[in-house]
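Architecture at a glance
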Amino acid sequence: MRKYMSKRQRPCDFCRARKTACRIDGAPPCRTCQLHRHECTFVESTRPRKRPLIEGRPGSDGGAGEGSTAAAETATSTIIEAPDLSPTSDDYDSLRPHSPRAAAYAMPAATLDAAAAGDSAFPSMSLQFLQDLGMNSPDYNFMFRTPRSPASNMSIAEDGTSQIVNAASLQHMASATTPLPLLDGQPDTNPEALGLTGDMDPYVLQRYRTDDNGVFKFKQLAIYSVQEQPFPVQFLLSHPSLFARSQEQAGHATPGDAYLRTQLEQLVPAAMGKRLISLWTKFAAAQYPIFSAAMPPNPETSPTHLLAAVYAVAVPFAMHDDKLCIDLAYDAFPYSTLSQVLNTALATDLHSPSLETVQTLLLLVLRPPSNPLVSDASHRWNLMGNLVTVAVNVGLHLDPASWGLPAAGVSLRRRLSFIIFSIDRLLAAGLGKPPLINPDNWLVTKLCPSDQLDSDLYDADWAQLLKLSSLTAHVDKALASLYSLRLLQSAAQSPDLSDIAMSLARDLDDTYHDNRHHDDPPHRQPMQMSVAICDLAFHFTNVIVHRAAMRPFQDRMDIDAPNRATLEQSVRESMATCTQGFHTFIKDLRAEDVNGVWPPWAQAAISSLCFAQLGMVVSASTFDDALDWIRRLQSTRKDLRLKAKSFPVFLLGLLRIDSIFWRGVDNVLRLSPHVSRAFASLDDAP
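Residues numbered from 1 in each chain as written. Predicted model: local features only at pLDDT ≥ 70, side-chain atom pairs only at ≥ 80, totals over all residues. Heavy atoms only, no water.

1. Focus: the nonpolar core
- The biggest cluster of nonpolar side chains holds 138 residues, and the ones touching the most others in it are Trp280, Ile420 and Trp598.
- Per element, the largest residue contribution to this core is 15 residues, and it comes from helix H22 (residues 529–554).
- The residues contacting Ile420, other than those within four sequence positions of it, are Val358, Met384, Leu387, Val388, Ala391, Leu396, Ile437 and Trp442.
- Of all hydrophobic cores here, the second largest spans 13 residues; its members include Ala193, Val215, Tyr224 and Leu398. (Core = buried A, V, L, I, M, F, W, Y, C linked by side-chain atoms within 4.5 Å. Buried < 20%, exposed > 50% of the residue type's maximum accessible area, 1.4 Å probe, protein only. Helix = DSSP H or I, 4+ residues; strand = E, 2+ residues; numbered from the N terminus. Contact = heavy atoms within 4.5 Å.)

Following this line, the structure appears as structure tokens:
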């Protein structure tokens, strides 16, 4: 450990600027840099000593004339040339031409010139008082530049030192490489969407004297205005270091990101990480385009929690990699340790979330359960709640189409917003929960063709995603009009519910078949994973709509006698067609064609088929009808058993329906006499 106030071992740049003890356990980073999540460097030169004022020099005129001019030049030179006012190491990377982030997001050179002009709002003000107050340290850099953009009068030399540049050289630098947009893509500023009812009134913020980038700067905060019409939208940009104290009090400040990244690299070396990211791209990216094609996850630059989440989802596909299939053949993958690193890193970021935090939480929701025979509904729904709140915090509930962001950034935000909305609706239906998202306050509920930009998806996969977008609208309508608790309680199970449900079922069927290619008959060509997920969403939605249509008859509601039998028979026939299509979908699944990450609602969707058939058995009015539905149910159970080894997602639904037969149907359900005789007749059959 470095000795306190050691003169033989120099402190790091951050500790020297703060004038604190630099304590290093073994190797950098030091404790202070770990606590503040700051890069621990030893590159800055020694700060020059302050020069005395010239007014006391013999021969001067006491502050007038030549001596006064020299003093002013000395004071100005001291402030501008102080190395502590140079951009941080994160800013260095954004200025270098080889930076992948700088190449991904382009900004015109005129924007950079406007930012340079905006940073000198008080050209006549003397800066000597800053030197006297000791404010020439990195802690006060936010007073001189906008967060996420380098200081307008600084440039970075090849050796990492700062130098003065003029407007001409600044324009030349902008032509070589461009700064990043202010909203997404940088780890040194966290955006927080400001709402219309917040304490900071957006209509007041709209009158702020922002620069040409729409930014108004404070000491360590900035207001970023992205939209004025039809209503103002602003983001509060803040530095992660502002949340250091709250992280420390919550126990999330240690052991620090540098330590966690080292732990992750020991579990998954960078070479293995790149292979796992390739597996994610191959087996999951087509169904969940949550990353930009220009900036995919990178073991060297991506946040620790994001990398750990990608690895956890991709590891089950290691058998498809020529190297990983051997590396992981004999040693079990350390899921538990990886999850500990992920949870620790994620807990820190939740204090100041970013778009990467949303992506990590979305991956955790998508992650397959460790035990396919156990439902982790409560844990997954809690994760979904965290995902929605973080997404709202970074503004994904808004439509960024008019914000002036790069087109790739707009399409990425819209894709993320829709995927979260779709999973919320389908997962809520599968788990029997009220949806977390209010569609009145979530603007991106469907995709448009332009959202394919920078997704790296084939047209066929994108067409399936657009089809899922249309199906999600039907799920939303079904939950609102058929399963709303307030509506059901006030309507007291109106008999009209069946008519409403059957109308929705017809609309759903028309949409589903209209979106099919006429030259591609269903289930005759190899089924891709994106097609399988979309078809599963259709069949699941169709089942829950028909269950609502059957509800008045199962509740024995008062319906006109002449029409009751006819209406019930019509609904039962439609349910038979619905469940038969679902059963055919399961039979046509082939493991060699369908291999990928099933959505988190898939387990419940498969299980819903068996219980829908069981519901039709117990509600049968005749012996023959009950016998027919029992045979349908038994056929579904048989095919689920045949497919369960290849598709673990079937196991939970199969276990739940098998447990009823294991216990004895008569011991579990209250059955009508003719239904009991139907079960007994099958048991007696050879």
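Here the narrative resumes, following the displayed structure.
2. Points about empty space enclosed by the protein
- Counted by the stated rule, this structure contains five cavities of 30 Å³ or more.
- Taken as a whole, the largest cavity spans an internal volume of roughly 180 Å³.
- Forming the boundary of the largest cavity are 19 residues, of which Gln287, Tyr288, Leu465, Leu468 and Ile533 lie nearest the centre.
- The greatest single-element share of the lining of the largest cavity, amounting to five residues, is contributed by helix H18 (residues 407–431).
- Within the lining of the largest cavity, the residues separate by chemical class into 14 nonpolar, four polar and one charged. (1 Å grid on protein atoms, 1.4 Å probe; cavity = no way out; pocket = protein on both sides within 12 Å on 5 of 7 lines; lining within 4 Å. Points joined across faces, edges and corners; volume = space filled by probe spheres on them. Nonpolar A, V, L, I, M, F, W, Y, C, P; charged D, E, K, R; others polar.)

3. Description of the sheet that holds strand S5 (residues 221–227)
- Taken in spatial order, the four strands of this open sheet run S3-S6-S5-S4, and their pairing is antiparallel. Two strands lie at the open edges of the sheet, namely strand S3 (190–194) and strand S4 (215–217), each paired on one side alone. The sheet shows a mean angle of 25° between the axes of neighbouring strands, taken without regard to direction.
- Two elements, S3 and strand S6 (residues 233–238), share five bridges in a ladder whose sense is antiparallel. Counterpart to Leu194 in the pairing with S6 is Gln234. (Pairing = 2+ DSSP bridges. Axes fitted to C-alpha atoms, helices over the stretch in contact; angles between N-to-C directions.)

4. As for a nonpolar patch on the surface
- A cluster of nonpolar residues, Phe218, Leu221 and Leu242, forms a patch on the protein surface that exposes about 230 Å² of accessible area.
- Among the structural elements, Phe218 can be located in the loop between S4 and S5. (Patch = residues over 30% accessible without salt bridge, like charges linked within 9 Å, V, L, I, M, F, W, Y side chains within 5 Å. Areas by Shrake-Rupley, 256 points an atom, 1.4 Å probe, with all protein chains shown as cover. Salt bridge = Lys/Arg side-chain N within 4 Å of Asp/Glu carboxyl O.)

5. Focus on a negative patch on the surface
- Taken together, the side chains of Asp507, Asp509, Asp510 and Asp514 make up a negatively charged region of the molecular surface.
- When you line up the elements, Asp514 lands in helix H21 (residues 496–514). (Lys, Arg positive; Asp, Glu negative; His and termini not counted. Charge placed at Lys NZ, Arg CZ, Asp CG, Glu CD.)

6. Here's the deal with the UniProt feature "domain: Zn(2)-C6 fungal-type" (unreviewed entry) in the protein chain
- Feature annotation in UniProt assigns "domain: Zn(2)-C6 fungal-type" (unreviewed entry) to the following positions: residues 11–42.
- Helix makes up 38% of residues 11–42 and strand 0%, whereas the separation of the span's terminal C-alpha atoms amounts to 8 Å. (UniProt positions renumbered as here; feature names shortened; annotations may be inferred.)

7. Some thoughts on the side chain of Gln464
- Mapped onto the secondary structure, Gln464 falls in helix H19 (residues 459–482).
- The class for Gln464 is buried, based on a relative accessible area of 14%.
- When residues no more than four places from it in sequence are discounted, the contact partners of Gln464 are Ser530, Val531 and Cys534.

8. Side note on the packing of aromatic side chains
- Counted under the stated rule, the structure contains 13 aromatic pairs.
- Taken together, a centroid distance of 6.2 Å and an interplanar angle of 65° make the contact between Phe661 and Phe679 edge-to-face. Taken together, the residues span a long stretch of sequence, with Phe661 in helix H26 (residues 651–663) and Phe679 in helix H28 (residues 673–684) at a distance of 18 residues.
- Members of the aromatic cluster, joined through ring pairs, are Tyr208, Phe216 and Phe218.
- We note Arg551 situated over the ring of Tyr483; from NZ or CZ to the ring centre the distance is 4.8 Å.
- Directly above the aromatic system of Phe661 lies the positively charged group of Arg637, at a separation of 3.9 Å from the ring centroid. (Phe/Tyr/Trp six-rings, centres within 6.5 Å; stacked < 30°, edge-to-face > 60°. Lys NZ or Arg CZ within 6 Å of the ring centre and 35° of its normal.)

9. Some words on the packing of H22 against helix H24 (residues 602–618)
- The contact between H22 and H24 brings their axes to 10 Å, and the two run at 35°. Crossing geometry of H22 relative to H24 is assigned as left-handed. On the side of H22, the interface is formed by Leu536, Phe540, Val543, Arg547, Met550 and Gln554, while H24 contributes Ala602, Ala605, Ile606, Ser608, Ala612, Gly615 and Met616. (Left-handed = near helix turned anticlockwise from the far one by under 90°.)

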